[in-house]
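# Observations on the model geometry
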Amino acid sequence: MPHIAVIGGGPAGLRAAEVLAEAGQAVTVYDHKPSVGRKFLLAGRGGLNLTHGEPVAEFLKKYGAAEPLLARALALFSPDDMRAWCHDLGIKTFVGTSGRIYPECMKTTPVLRAWLKKLDRLGVKFMPRHRWTGWDGDALTFETPDGATTVKPDATLIALGGASWPHLGSDGHWTEIFRAQDIALAPLRPANCGFTVAWSDTFRTRHAGEPLKPVTLTFAGRSQRGEIMITDTGVEGSLIYAFGAALRDAVDANGKADIALDLRPDRTEDELLERLAAPRGRQSLSNHLRKAGGLSPLAASLLREGARDLSSDPAVLAARIKAMPLTLTATGPIARAISTAGGVRLDVLTDDLMLKARPGVFVAGEMLDWEAPTGGYLLQGCFATATLAAEGIKARLGR
């Protein structure tokens, strides 16, 4: 029976091991941490968002330039397949009001526990504390607590993630190994990350950790409504992540990204003008903005933060509430990003994700040069590309 080595015990590695073991292959998962699924567990800390319930055509748009790759992958493992997979583990799912799909338990631990039990029943072996260091000819080399060791499998699947949350295992060390083999990589960059804003000390002290909602963000001709989280260094949150790639590219190219925020998306500018034109008597401008303008204390502070000499002219205020400018000056560090952009370039891979330079070696998950916003697209992409690569291994071994 052929032996397949899976390097990396995250969602992509575990999914590939599952597909291969179900086909009757002998699979060993190697991971340099003492246990597998560490980033998977932390990612679901606030609720495990498995996938999204929107139509596949809209779903695929979230992957940008990598849409053709994800179209092939989702044809093999779709969002419906993700739900069926979870149900097969004995865990029901539901669709939230935003279209996001979660397990009914909401937590990652029961899902991972049931998944690992299934892998054990399938005969998958696990080799923890094995840090992959590269190749010695056709053999894989590992550092272990007992010293260096080598393994020569019949096929290999590498799924070592990107470079975010390195303390959980995705430290990007594999990039040096690939570069030494002249395997082309797109630079790793933070994705689904925060951005820096030059807050005043007063604003930072008062509002860091508060959500700004509902708000509509406009950038480069595109608008979307959602929620932004104020941090002590800037902004983050699902609405920021939805624009993340474009904002990051603008910051990289121009040193900044200028966005506009509609602080009252449920009111027109004329409606706001009518309300703000009402006499405010002895009220302070801040109280007038909250009562007549309907702004939250955070939104009112943000409006003043963006214009320290804010005019009290109702027309100026109404226009600014509907399009408050905010300048983002830098991305957050990659180690604190939710995910990573860049990775193994798609043109050095076959359609089933085998390295052209190393026949029999396949790559899946976040190591590949694709990215997506949060909302279920990340995990779905990891599962789907792992399924595509595993099917490629099955076909190769079958030949």
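So, a few notes on the structure that sits alongside this text.

## Concerning unusual backbone geometry
Each neighbour pair has its own omega, and for Lys-213 with Pro-214 the value is -10°, a cis peptide bond. Topologically, Pro-214 is positioned in strand 13 (residues 211-219). The backbone of Arg-129 shows a phi angle near 55°, a positive value even though the residue is not glycine. The phi torsion at Leu-353 lies on the positive side, around 75°, for a residue other than glycine.

## Looking at a negative patch on the surface
Taken together, the side chains of Glu-269, Asp-270, Glu-271 and Glu-274 make up a negatively charged region of the molecular surface. Position of Glu-269 relative to the elements: it lies in helix 11 (residues 269-276). Judged by its relative accessible area of 38%, Glu-269 is partly exposed.

## Examining the layout of surface pockets
Quantified by volume, the second largest pocket comes out at close to 800 Å³. Listing elements by their share of the lining of the second largest pocket, those giving two or more residues are strand 14 (222-230), helix 9 (238-242), helix 10 (244-254) and strand 19 (339-344). Tallied by class, the residues present in the lining of the second largest pocket amount to 18 nonpolar, 11 polar and 7 charged.

## Notes on the sheet that holds strand 5 (residues 100-103)
Read across the open sheet, the 3 strands follow the order 3-5-4; overall the sheet is antiparallel. Each edge of the sheet is formed by a strand with only one pairing partner; in this case those strands are strand 3 (51-52) and strand 4 (93-95).

## Topic: the side chain of Thr-28
Within the fold, Thr-28 resides in strand 2 (residues 26-30). Here Thr-28 falls in the buried class, since its relative accessible area comes to 9%. A polar atom in the side chain of Thr-28 sits 3.0 Å from the side chain of His-3. For Thr-28, the contacting residues outside a window of four places in its chain are His-3, Ile-4, Ala-5, Val-6, Lys-125 and Met-127.

Rules used throughout
Residues numbered from 1 in each chain as written. Predicted model: local features only at pLDDT ≥ 70, side-chain atom pairs only at ≥ 80, totals over all residues. Heavy atoms only, no water. Helix = DSSP H or I, 4+ residues; strand = E, 2+ residues; numbered from the N terminus. Patch = residues over 30% accessible without salt bridge, like charges linked within 9 Å, V, L, I, M, F, W, Y side chains within 5 Å. Areas by Shrake-Rupley, 256 points an atom, 1.4 Å probe, with all protein chains shown as cover. Salt bridge = Lys/Arg side-chain N within 4 Å of Asp/Glu carboxyl O. Lys, Arg positive; Asp, Glu negative; His and termini not counted. Charge placed at Lys NZ, Arg CZ, Asp CG, Glu CD. Buried < 20%, exposed > 50% of the residue type's maximum accessible area, 1.4 Å probe, protein only. 1 Å grid on protein atoms, 1.4 Å probe; cavity = no way out; pocket = protein on both sides within 12 Å on 5 of 7 lines; lining within 4 Å. Points joined across faces, edges and corners; volume = space filled by probe spheres on them. Nonpolar A, V, L, I, M, F, W, Y, C, P; charged D, E, K, R; others polar. Pairing = 2+ DSSP bridges. Polar contact = N/O pair within 3.5 Å; in protein donor to acceptor, adjacent residues only side chain to side chain. Contact = heavy atoms within 4.5 Å.

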